[in-house]
Amino acid sequence: MLFLDSSDPKEIKDIFAWGVVAGVTTNPLILAREAGAVDLEQRIREVIGASRGPVSVELTSETEVAMMQEAHRYHTWAPSRVVIKVPFSEAGLRVTHALATQGIETNVTCVMSFNQAYLAALAGGTYVSIFSGRVRDMGYDVRPVIAQTRAQLDREKLASRIIVGSIRHLMDVNEALEQGAHVVTVTPPILRKMLHNPKTDETIREFNAAWESRAK
Ligand code: E4P
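Please read all numbers here as calculations on a predicted model, not as lab measurements.

Conventions and cut-offs
- Residues numbered from 1 in each chain as written.
- Predicted model: local features only at pLDDT ≥ 70, side-chain atom pairs only at ≥ 80, totals over all residues.
- Heavy atoms only, no water.
- Helix = DSSP H or I, 4+ residues; strand = E, 2+ residues; numbered from the N terminus.
- Buried < 20%, exposed > 50% of the residue type's maximum accessible area, 1.4 Å probe, protein only.
- Areas by Shrake-Rupley, 256 points an atom, 1.4 Å probe, with all protein chains shown as cover.
- Lys, Arg positive; Asp, Glu negative; His and termini not counted.
- Charge placed at Lys NZ, Arg CZ, Asp CG, Glu CD.
- Polar contact = N/O pair within 3.5 Å; in protein donor to acceptor, adjacent residues only side chain to side chain.
- Contact = heavy atoms within 4.5 Å.
- Near = heavy atom within 4 Å.
- Nonpolar A, V, L, I, M, F, W, Y, C, P; charged D, E, K, R; others polar.
- Pairing = 2+ DSSP bridges.
- Axes fitted to C-alpha atoms, helices over the stretch in contact; angles between N-to-C directions.

## Points about the overall build of the chain
Of regular secondary structure, the chain possesses eleven helices and eight strands. Summarising its shape, the C-alpha atoms of the chain cover approximately 75 × 40 × 30 Å along the three principal directions. For the chain, the residues scored as buried account for 45% of the 216 residues in total. As presented, the chain carries roughly 11,200 Å² of accessible surface, and 55% of it is formed by carbon and sulfur atoms. When the 24 positive and 25 negative side-chain charges of the chain are each reduced to one mean point, those points stand 4 Å apart.

Structure representation (structure tokens):
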């Protein structure tokens, strides 16, 4: 399954019309780049209006009390659509667990290792986001992180779903799915790259040229 890693309502609306994405993930970096001067609530409401399925909105406060307040504020914007993205930490685990007991969906994010992913799942995270590109930036292979997490979720029948994000290349998408990711979240430029193959374009041109030059 694919989610879109974007906060641009125009891109989101356009790409949802392809019928291939099932949710949206945002983060403070994406929002700062794409919507820096815009009110967060207004922007997220636009994203919700342009999409279907879960929309992850990330907490930026750092204490447990402030994180809970922030989470409840985001949740009221669209209780059935907003997923609270909780940065991984000890406080983050407590927040994830507390929100899970209140029936509020979470996406534990910035996860770089199996150990963190397992803790996030045990705490009751609805989703666990493993950052492919950033793990590779450290010189590690992300594939065993994804595969071991998936195997453990299945063994213990934990309800968490793995999202693999921080996708830099098309091969990252293939590999994440192959290793057992339930969801890969991709940016619009990566998704547009998935469309293209020169042989497809050449074949279509050949077929259309043959049809145009047929004996009439
Ligand atoms: C996933 O949920 C994150 O928004 C994102 O994929 C992070 O990617 P980056 O490493 O490109 O910042």
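From this point, things continue past the structure.
## A short note on the side chain of Glu175
Position of Glu175 among the secondary structure elements: in helix α9 (residues 170–178). Of the polar contacts made by the side chain of Glu175, one reaches the side chain of Arg136; its length is 2.5 Å. When residues no more than four places from it in sequence are discounted, the contact partners of Glu175 are Arg136 and Arg143.

## Some remarks on the site of the ligand
The environment of the ligand is made up of Asp5, Thr25, Asn27, Ile30, Lys85, Phe131, Arg134, Gly165, Ser166, Arg168 and Thr185. Here an oxygen atom of the ligand sits 2.7 Å away from a polar atom, N or O, in the side chain of Lys85. Between the ligand and Arg134, the relevant distance is 2.7 Å, taken from an oxygen atom to a side-chain nitrogen or oxygen of the residue. Protein coverage of the free-state accessible area of the ligand, which is 350 Å², stands at 88%. Considered class by class, the residues forming the shell around the ligand number two nonpolar, five polar and four charged.

## Description of the sheet that holds strand β3 (residues 55–58)
The strand order around the closed barrel formed by eight strands is β1-β2-β3-β4-β5-β6-β7-β8, and the pairing between neighbours is parallel. For this sheet, the mean angle separating the axes of adjacent strands, direction not counted, is 25 degrees. Sheet analysis places strand β7 (residues 161–165) next to strand β8 (residues 183–186), joined by two bridges and oriented parallel. Paired with Ile163 across the strands is Val183, a residue of β8. Of the strands in this sheet, β1 (2–5) and β2 (21–25) are in contact with helix α1 (residues 9–16), which crosses β2 at around 165 degrees. Of the strands in this sheet, β3 and β4 (82–87) touch helix α4 (residues 64–77), which is tilted by about 160 degrees from β4.

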